[in-house]
Every structure is written in C-alpha cells, then in structure tokens.
Amino acid sequence: MNIALIGYGKMGRMIEQICKERGHNIVSIIDLDNQQDFDSPEFASADVAIEFTAPSAAYGNYLRAWKAGVKVVSGSTGWMNDHEADVRRMCTEEGKTLFWASNFSIGVAIFSAVNRYLAKIMNQFAQYDVRMEETHHIHKLDAPSGTAITLAEEIVADLDRKNAWVKGEQHLADGTVEGTNECAPGELAIESIRRDEVPGIHSVIYDSDADCITITHDAHSRKGFALGAVLAAEYTKDHEGLLTTKDLFKF
C-alpha cells in the first residue's frame, strides 16, 4: 500500500523502516519544513497517512489529510480536550477516517486487556487501593502520558470506587519533584517520572495492608509502537470511521 508519513522524528523514521520491511511504499514525508506537500499529488496518492507530531499540530494535520482524501492513523495525544467532538462528528457523519490510539504497541494492547479484566476483579475487593506510575524519557513533554490516561480511564470505568484520575507526583528531568500522590478516596493518582531515554514503562499497583499486586508493561524500544502503527494502517486501508486498537485487536 501507499503510505504518507506526517512527522519525521525518531518514531517517523522507525515507522518508515518497518513500512519498507513489510513491502509498503512511502509516497510522501511531511515535516515542519515542507507543509505545502499536504497539497501535493504524492500525498494525495497515499492510502493512509501515519501521523506522529505534537499535540498542537495533530488536529490541523487531520484536517489537511482529510481534505486531500487521505485516511489517518495517529498516535498524537493532547488534542482531544479541544477537538474530540469535532473529530468524532467528522468520522461518524462526514465519512472521514481516523485510527487513533495513545499507544500502538501490541504488548500495550494485551496489557490494556489485562488491566480491564483486573479492574473488574478488584471491584469485589475494596481493601485494595489503586494507583499508577509511568516513566518516560526526558524529552517527553506531556504528563501523564496518553497511555497512562487511557489505562486510568479503563480502571475508572470498571472500578466503582474510583470516579476520576488525577496527576500525582511529577518527577521532572532536572531531578525536582512536584505535586503529590495524596488524593481523595474516589480519585486515582498517576505518578509521572522523566528519566534518561526510557521508551515507556507503565505500572498499575493495587495495594492493601496484606499485600500488593502490580502489573507492568516495560517497552524495550520504540519498535513495538511503530509496528503497531503500521498494522493499524494496514487495517485502516479497508475500514472507515473512528477506529481504535479495540477494532484491530479482538480481545
């Protein structure tokens, strides 16, 4: 298939490599210095565009890709508060297609399924409080991570004693710490740590006086995220609407 890349940082380059390994053609690469290429015939020839950029740019990238008649796969986070309603409407009522995920890793998809199942079990055992911890490289700007927020929202949906997630302690790249993990009983704290070049570690911790149960996903590299994005593009080519990893992975 023909694939366009929007964003050509470390993730974009990894996606390019995997696309080529899987026999796909990269017909257009758009970065900050060639935004005019959204209007090029090369970009319009893409079956799907894979987008990994900054939260402030993502929504505008979707609009420009859709204007060219190109479906979008995106892992950008941070745009949903302002634009989720518009994107949902365009995908459900206007024929646009977006496959969005906060994390495309196959391992994270499995972890998410385990997370949901564990929350349903723990709904019966009120003696366990729950919190989360996520660790990423020092270049990551958002905190908590989009993946952590998605996991937290899954817990809140299935655990009656939690009604919202909140920012917990923020361990910044310079070694300083802000915030606190102390929160109301109905809130789920997400602690964020920025350290070295860590690709991503997410832990869900259920703690009681008697014991502690922890599940963790620890990414070794960006390769798992990039492969998942390409698999999502392959799926999106033949599907329409607002798509997620739950459509791609049936578990």
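In the block above lies the structure referred to throughout.
Residues numbered from 1 in each chain as written. Predicted model: local features only at pLDDT ≥ 70, side-chain atom pairs only at ≥ 80, totals over all residues. Heavy atoms only, no water.

### Details of the pattern of salt bridges
This model, assessed by the stated rule, comprises twelve salt bridges. Between aspartate 39 and arginine 64 there is a salt bridge whose closest N-O contact spans 3.9 Å. Placement of aspartate 39 in the loop between strand 2 (25–30) and helix 2 (41–44) and of arginine 64 in helix 3 (residues 55–67) is noted, with a sequence separation of 25 residues between them. By relative accessible area, which is 31% here, arginine 64 ends up partly exposed. Salt bridges sharing partners connect three or more residues here, namely Asp86, Arg89 and Glu94. (Salt bridge = Lys/Arg side-chain N within 4 Å of Asp/Glu carboxyl O. Helix = DSSP H or I, 4+ residues; strand = E, 2+ residues; numbered from the N terminus. Buried < 20%, exposed > 50% of the residue type's maximum accessible area, 1.4 Å probe, protein only.)

### So, the pairing of strand 6 (residues 129–136)
Of the strand pairs in this sheet, strand 6 and strand 10 (residues 201–207) are connected by seven bridges, and their pairing is antiparallel. Bridge assignment links valine 130 to a residue of strand 10, and that residue is tyrosine 206. Pairing between strand 6 and strand 9 (residues 187–194): five bridges, direction parallel. Residue pairing in the sheet places methionine 132 in a bridge with isoleucine 190 of strand 9. (Pairing = 2+ DSSP bridges.)

### Observations concerning helix 3
Taken together, the buried positions of helix 3 are occupied by Ala58, Tyr59, Asn61, Tyr62, Ala65 and Trp66. In this structure, the buried residues of helix 3 make contact with strand 1 (2–6), helix 2, strand 3 (48–51), strand 4 (71–74), helix 4 (80–93) and strand 5 (98–100). (Contact = heavy atoms within 4.5 Å.)

### Notes on the packing of helix 1 (residues 10–21) against helix 7 (residues 223–236)
Interhelical geometry of helix 1 versus helix 7 gives an angle of 60° and a closest axis separation of 9 Å. On the basis of their axis angle, the class for helix 1 and helix 7 is oblique. In this structure, helix 1 crosses over helix 7, and the sense of that crossing is right-handed. Side by side, helix 1 and helix 7 meet where Met11, Met14, Ile15, Ile18 and Cys19 of the first sit next to Lys223, Phe225, Ala226, Leu227, Ala229 and Val230 of the second. Its residues placed into classes, the contact of helix 1 with helix 7 shows ten nonpolar, no polar and one charged. (Axes fitted to C-alpha atoms, helices over the stretch in contact; angles between N-to-C directions. Parallel < 35°, antiparallel > 145°, perpendicular 65-115°, else oblique. Left-handed = near helix turned anticlockwise from the far one by under 90°. Nonpolar A, V, L, I, M, F, W, Y, C, P; charged D, E, K, R; others polar.)

### Examining the nonpolar core
In terms of nonpolar packing, the biggest core is built from 26 residues, with Ile15, Ile50, Val73 and Phe99 touching the most fellow members. The set of elements that each furnish at least two residues to this core consists of strand 1, helix 1, strand 3 and helix 7. Here the element with the most residues in this core is helix 7; it accounts for eight residues. Residues within four places of isoleucine 15 in sequence aside, it is in contact with Leu5, Ile50, Phe52, Ala226, Ala229 and Val230. Judged by nonpolar contacts, the second largest core, of 20 residues, contains Ala46, Tyr59, Tyr62 and Met90. (Core = buried A, V, L, I, M, F, W, Y, C linked by side-chain atoms within 4.5 Å.)

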